[in-house]
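Coordinate inspection notes
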Amino acid sequence: MMLRAAGKRLIGAPGIRPAAAGDSSGAAMAVAARRGYHERVVDHYSNPRNVGAFDKDDADVGTGLVGAPACGDVMKMQIRVDQASGKIVDACFKTFGCGSAIASSSVATEWVKGKQMEEVIAIKNTEIAKHLSLPPVKLHCSMLAEDAIKAAVKDYEAKKTKAAKAEE
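Residues numbered from 1 in each chain as written. Predicted model: local features only at pLDDT ≥ 70, side-chain atom pairs only at ≥ 80, totals over all residues. Heavy atoms only, no water.

1. Some thoughts on the overall build of the protein
Tallying secondary structure elements over the protein gives seven helices and three strands in all. Secondary structure elements of the protein occur, N-terminal to C-terminal, as α-α-α-β-β-β-α-α-α-α. Counting across all 168 residues of the protein, residues that qualify as buried make up 37%. Pairs at least 24 apart in sequence give 61% of the contacts found in the protein among residues at least 6 apart. A total of about 9,300 Å² of accessible surface is found on the protein, and carbon and sulfur atoms cover 56% of it. (Helix = DSSP H or I, 4+ residues; strand = E, 2+ residues; numbered from the N terminus. Buried < 20%, exposed > 50% of the residue type's maximum accessible area, 1.4 Å probe, protein only. Contact = heavy atoms within 4.5 Å. Areas by Shrake-Rupley, 256 points an atom, 1.4 Å probe, with all protein chains shown as cover.)

2. As for the sheet that holds strand β2 (residues 73-81)
If you walk across this open sheet you meet the three strands as β1-β2-β3, and the pairing is antiparallel. In the strand order of this sheet, the two ends are held by β1 (61-68) and β3 (88-96), each with one partner. Here the strands of the sheet are splayed against their neighbours by 15° on average, with no regard to which way each runs. One ladder, built from eight bridges, connects β1 with β2; its direction is antiparallel. Residue Gly62 lies in a different strand from β2, and its bridge partner there is Ile79. Across the sheet, helix α4 (residues 99-112) lies against β2 and β3, angled at about 175° from β3, the strand it touches most. (Pairing = 2+ DSSP bridges. Axes fitted to C-alpha atoms, helices over the stretch in contact; angles between N-to-C directions.)

3. Observations concerning the pairing of β1
Along β1, six of the eight residues are buried, which leaves the element largely enclosed by surrounding structure. In textbook terms, the turn of a hairpin is the stretch between consecutive antiparallel strands, and for β1 and β2 this stretch comprises four residues, one of which, Gly72, has a positive phi near 90°.

4. Some details on the side chain of Ser104
Along the chain, the position of Ser104 falls in helix α4. Note on Ser104: relative accessible area 0%, which makes it buried. Apart from the residues lying within four places of it in its own chain, the contact partners of Ser104 are Ile128, Leu132, Leu134, Cys141, Ser142 and Ala145.

5. Notes on the packing of aromatic side chains
Overall, the coordinates contain zero aromatic pairs when judged by the stated rule. Lying over the aromatic face of Phe54, Arg80 brings its terminal NZ or CZ to 4.4 Å of the ring centre. (Phe/Tyr/Trp six-rings, centres within 6.5 Å; stacked < 30°, edge-to-face > 60°. Lys NZ or Arg CZ within 6 Å of the ring centre and 35° of its normal.)

6. Here's the deal with the pairing of β2
Here β2 runs beside β3; their pairing, made up of eight bridges, is antiparallel. Residue pairing across strands places Val74 opposite Phe96, the latter belonging to β3. The hairpin formed by β2 and β3 contains six residues between the paired strands, and Gly86 there has a positive phi angle of roughly 80°.

7. Let's talk about helix α6 (residues 125-132)
The set of residues buried in α6 consists of Asn125, Ile128, Ala129 and Leu132. Buried residues along α6 cover an arc of 95° about the axis, so they all sit on one side. Exposed and oriented more than 90 degrees from the buried face of α6 are Thr126 and Lys130. Of the surrounding elements, those touching the buried residues of α6 are α3 (39-46), α4 and α7 (139-167). At the C-terminal side of α6, Ser133 shows a positive phi close to 55°. (Arc of directions from axis to C-beta.)

8. Let's talk about the state of the cysteines
This model, assessed by the stated rule, comprises zero disulfides. Free cysteine Cys98: the closest other cysteine sulfur is in Cys141, separated by 3.6 Å. (Disulfide = S-S within 2.5 Å.)

9. Examining the environment of Phe96
Structurally, the position occupied by Phe96 is in strand β3. Judged by relative accessible area, Phe96 falls into the exposed class, the value being 63%. As for Phe96 and Asp73, which are separated by 23 residues in sequence, their C-alpha atoms are 5.6 Å apart. Discounting residues that sit within four places of it in the chain, Phe96 has contacts with Gly72, Asp73 and Val74.

Pasting the structure below:
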């Protein structure tokens, strides 16, 4: 909530009052505004893309569930793959965590759409972190996104292998 309010103060959204003098929460917000999150983080946090879930039992869906015990962030990313072409046709996520984790998930789902499986496993956390201009203390969020992509691909491939063995 604090990140959302700070973002709205930064962009001057209507209905958000400026911090009053002597307001301790205002002082904290001023510090957050000065340090600031990059506008892409604020955008993806305030307007996350592809939030939702697919049926995990669908044969064309891969699900990756990853977490970071140190900070409590949990990320579930799902991909829907066109079985004929091997392209990811859709992606969605649900994340319990900080604004940087939500933004990293949102960016990752945007980046995987329309790409081949081999391409998406090459997406590195450093690329996500650089795109969002994440500070060093938030790099674990982009690592979670990378891990979630790989876990979703691995789950899809395991389902595909299991289905192929069942047909034999």
